[in-house]
Amino acid sequence: MPVESLPEFTKVARQRWKSIPAEIRQRLLANVWCGCCCHETTITNFSATIKGSDLLLVGKCAECHGDVARVIEAA
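What you see is a predicted model, and the numbers here were worked out from it, not measured in a lab. (Residues numbered from 1 in each chain as written. Predicted model: local features only at pLDDT ≥ 70, side-chain atom pairs only at ≥ 80, totals over all residues. Heavy atoms only, no water.)

Asks: Just to check I follow, could you spell out the overall build of the chain for this structure?
Replies: The number of helices and strands found in the chain is 2 helices and 5 strands. Secondary structure elements of the chain occur, N-terminal to C-terminal, as α-α-β-β-β-β-β. Against the 2.2 N^0.38 benchmark of 11 Å for 75 residues, the chain shows a C-alpha radius of gyration of 12 Å, consistent with a compact globule. With the C-alpha coordinates aligned to their principal axes, the bounding extent of the chain is approximately 30 × 25 × 20 Å. (Helix = DSSP H or I, 4+ residues; strand = E, 2+ residues; numbered from the N terminus. Rg over C-alpha atoms; globule rule 2.2 N^0.38 Å.)

What follows is the structure, given as structure tokens:
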């Protein structure tokens, strides 16, 4: 899913997301824990913002469509 099609990114979050290599971005998206499914899943329909110094992705589980989130800590 290309970042350009995701309108719900803050400007700073988009810059941080694009600074991550594409291969790593795909791995991060495919490795999100779903509390409903009780296993890792892929995040879909996500938005992104910066919380503190971390990148926060919030979206839906690809399997059950429940809410999921992924925190990508600042280096």
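Asks: Which parts of the structure should I look at to understand the packing of aromatic side chains?
Replies: Each aromatic ring pair is specified by the distance between its two centres and by the angle formed by the two planes. Inspection of every chain in the model, using the stated rule, returns 2 aromatic pairs. Judged by centre distance (6.1 Å) and plane angle (70 degrees), the ring pair of tryptophan 17 and phenylalanine 46 falls under edge-to-face. With a gap of 29 residues between them, tryptophan 17 in helix H1 (residues 11-18) and phenylalanine 46 in strand E3 (residues 43-51) connect regions that are remote in the sequence. Through a chain of ring-to-ring contacts, the aromatic side chains of Phe9, Trp17 and Phe46 assemble into a single cluster. (Phe/Tyr/Trp six-rings, centres within 6.5 Å; stacked < 30°, edge-to-face > 60°.)

Asks: What exactly am I supposed to notice about the pattern of salt bridges here?
Replies: Here the structure, examined in full by the defined rule, presents 2 salt bridges. The residue arginine 27 makes a salt bridge to glutamate 23 at a minimum N-O spacing of 3.4 Å. With arginine 27 and glutamate 23 both in helix H2 (residues 22-29) and 4 residues apart, the pair spans about one turn of that helix. Ionic pairing is found between aspartate 67 and lysine 60, a salt bridge with its closest N-O pair at 2.4 Å. (Salt bridge = Lys/Arg side-chain N within 4 Å of Asp/Glu carboxyl O.)

Asks: How should the sheet that holds E3 be read in this particular structure?
Replies: Two modes of strand pairing occur in sheets, parallel and antiparallel, and in both the strands are linked by backbone hydrogen bonds. Spatial ordering of the open sheet is given by E3-E4-E5, a layout of 3 strands whose pairing is antiparallel. Strands at the two margins of the open sheet, each flanked by one partner only, are E3 and strand E5 (67-72). When the angles between neighbouring strand axes are averaged without regard to direction, this sheet yields 20 degrees. Bridge count for strand E4 (residues 54-61) against E5 is 6 bridges, and the pairing is antiparallel. Bridging across to E5, leucine 56 finds its partner in valine 71. In the packing of H1 onto the sheet, contacts are made with E3, E4 and E5, and the angle to E3 comes to roughly 110 degrees. (Pairing = 2+ DSSP bridges. Axes fitted to C-alpha atoms, helices over the stretch in contact; angles between N-to-C directions. Contact = heavy atoms within 4.5 Å.)

Asks: Explain the nonpolar core to me, please; I cannot follow it from the model alone.
Replies: Within soluble globular proteins, side chains that are nonpolar tend to cluster in buried spots. By size, the foremost hydrophobic cluster in this structure holds 16 residues, and its most contacted members are Trp17, Ile43, Phe46, Leu55, Leu57 and Ile72. Those elements that provide at least two residues to this core are H1, H2, strand E1 (32-34), E3, E4 and E5. Residues in contact with leucine 55, not counting those within four places in the same chain, are Ala13, Arg16, Trp17, Ile20, Ala48, Thr49, Ile50, Arg70, Val71 and Ile72. (Core = buried A, V, L, I, M, F, W, Y, C linked by side-chain atoms within 4.5 Å. Buried < 20%, exposed > 50% of the residue type's maximum accessible area, 1.4 Å probe, protein only.)

No statement about biological role is implied by the geometric values presented.
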